[in-house]
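Inside the fold
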Amino acid sequence: MFLEKIRQLREKNIFRDLIDRESPQGTRITLNGREYINFSSNDYLGLATHSYIIDAAGKALDIYGFGAGASRLLAGGSALHRGLEEKLAQFKDTESALVFNSGYAANTGIIPSIADADGDTLLLSDELNHASIIDGCRLSKAKTLVYEHKNVSHITDLLKRENAKKKIIITDTIFSMDGDIAPLDEMAAVCRRLDAILYIDDAHATGVIGNGRGALAHFNIKPEPWIIQMGTFSKALGSLGAFLAGSSDIVQWTINNARSFMYSTALPSCVIAASMAAMEIIEKDTVLREKLWSNRNKVVNSLKDIGYDCMGSETPIVPIKTGTVENTLRISGHLFKHGIFAPAIRPPTVKESRIRINVTAAHTDDDIERLIEALKEINNQ
Ligand SMILES: Cc1ncc(COP(=O)(O)O)c(C=O)c1O
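Owing to the predicted nature of the structure, the values given are computational and were not obtained by experimental measurement.

Turning our eyes to something else, we now look at the pairing of strand E13 (residues 353–358). In terms of residue burial, E13 counts as a mostly covered element, since 6 of its 6 residues are buried. Here E13 shows two buried faces, one formed by Ser353, Ile355 and Ile357 and the other by Arg354, Arg356 and Asn358. Judged from the 6 bridges that link them, strand E10 (residues 317–323) and E13 form a sheet pairing that is antiparallel. Bridge pairing in E13 links Pro319 to Arg356. Relative to E13, strand E12 (residues 344–345) runs antiparallel, the two sharing 2 bridges. Paired with Ala344 across the bridge in E13 is Ile355.

This part takes up the environment of Gly339. With respect to the helices and strands, Gly339 occurs in the loop between helix H13 (325–337) and strand E11 (340–341). With residues up to four places along the chain from it excluded, the contact list for Gly339 reads Arg34, Glu35, Tyr36, Ile37 and Arg370.

Let us now look at the packing of aromatic side chains. To describe a pair of aromatic rings, you give the distance between the ring centres and the angle between the ring planes. Throughout the structure, instances matching the rule amount to 4 aromatic pairs. For the pair Tyr36 and Phe336, a centre-to-centre distance of 4.3 Å together with 15° between the ring planes defines the contact as stacked. Note that Tyr36 is positioned in strand E2 (residues 34–38) and Phe336 in helix H13, a separation of 300 residues in sequence. Judged by centre distance (5.5 Å) and plane angle (55°), the rings of Phe233 and Phe243 are tilted. Of this pair, Phe233 sits in the loop between strand E8 (227–232) and strand E9 (242–246) while Phe243 sits in strand E9; the two residues are 10 residues apart in sequence, bridging distant segments of the chain. As far as the burial class goes, Phe233 and Phe243 line up, both buried. Aromatic rings pair up to connect Tyr36, Phe336 and Phe341 into one cluster. The ring of Phe15 is capped by Arg10, whose NZ or CZ atom sits 4.0 Å from the centre of that ring.

About the cut-offs
- Each chain has its residues counted from 1, following the order in which its sequence is written.
- Reporting in this predicted model follows two pLDDT cut-offs: at least 70 for local features of residues, and 80 or more for side-chain atom pairs to be given and counted; totals over whole chains, interfaces and linings ignore these cut-offs and use all residues.
- Side-chain metrics rest on all non-hydrogen atoms present in the structure, leaving aside hydrogens and water.
- Residue burial is assigned from relative accessible area. The probe radius is 1.4 Å, only protein chains are included, and a residue is buried under 20% of its type maximum, exposed over 50%, and partly exposed in between.
- Numbering of helices and strands runs from the N terminus; a helix is a DSSP stretch of H or I covering at least four residues, while a strand is a stretch of E covering at least two.
- The criterion for strand pairing is that DSSP finds at least two bridges linking the strands in question.
- Whether two residues are in contact is decided by their heavy atoms: any pair within 4.5 Å suffices.
- Each pair of aromatic rings taken from Phe, Tyr and Trp, with Trp reduced to its six-membered ring, is defined by centres within 6.5 Å and is described as stacked if the planes are under 30 degrees apart, edge-to-face if over 60, and tilted in the remaining cases.
- Ring-over charges, as used throughout, are those where CZ of Arg or NZ of Lys falls within 6 Å of the ring centre and within 35 degrees of the ring normal.

Treat this as a map of the structure, not an account of what it does.
In structure tokens:
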């Protein structure tokens, strides 16, 4: 039934297939029996295989077993879920917090639940926001306008022009495919002045910027009641799941309204214990973050030296501009042949094709040198 559609995808070079790893997730992965240096993971601090986290998960597994059995509202949650939320609220300096099963579930649950069903909400969304935000906006059925990437004048014009009782600006803080940072200081000032709500997706910022506390801390912005924060445990925290952090009325409303929270089985307690252990690490450990940033700077400086355009990256997400889909596949194929896994990112995920290199604290100097050597070679061909 779908063969013709699949054929069209293949013809356009945008058909994607799954890749099955035979090793743990890390900087060295095994695919089809061969070892590759992995530059595709969002495990920025290398915590996915950290022994403290694995031990914490194992202990919780012994106490609570695996499956949660039901949604939190039907008693699928454990004391660990509540404990993680208390820890998060303290970590984010908010009144309250709520755990979601994934970042995708958080955005598609929270956004519709904070956009009023009576139709008097306006959502303003950055053109490069993550797909889960786009889907959250669609599910909300609220009027959604897309503003130019990080363009605060455009946001201001739209806020002044449009009439709505509630106006919500929604943005990734670190953009997942471009690695640049939203100008939250200016955006928060506009929201304060024009009485709008700011909703931020801190998925890639948590553990990475603001001493690990995320984008508000990075910009020294106080978590006001009109700022709603969402973030994930699935990236720098090396775990799974997501969170909402904000005022207690938003959290209580979301518990009673977000369908992805209400109608989905809770995360297993061992996953919650892993997230808790990861939070303890990012609170205390500064060495890993320093290593992450020094590795990231090494990669970006070397790429620039050999003539690559890093497309405005400001963070450990480092895209390199590759032009056509064909050239992107050629470069990622060359890297793969040289034992390096860095995925080709193509439409429809992004408008402009690229290789997305994610640098982590766990990469060695040798890993980085091999990446740069392979990219230098193909740049000279
Ligand atoms: C900005 C952003 N938000 C949300 C998500 C979804 O998070 P999760 O993978 O936990 O569903 C991602 C992950 O790719 C992301 O990059």
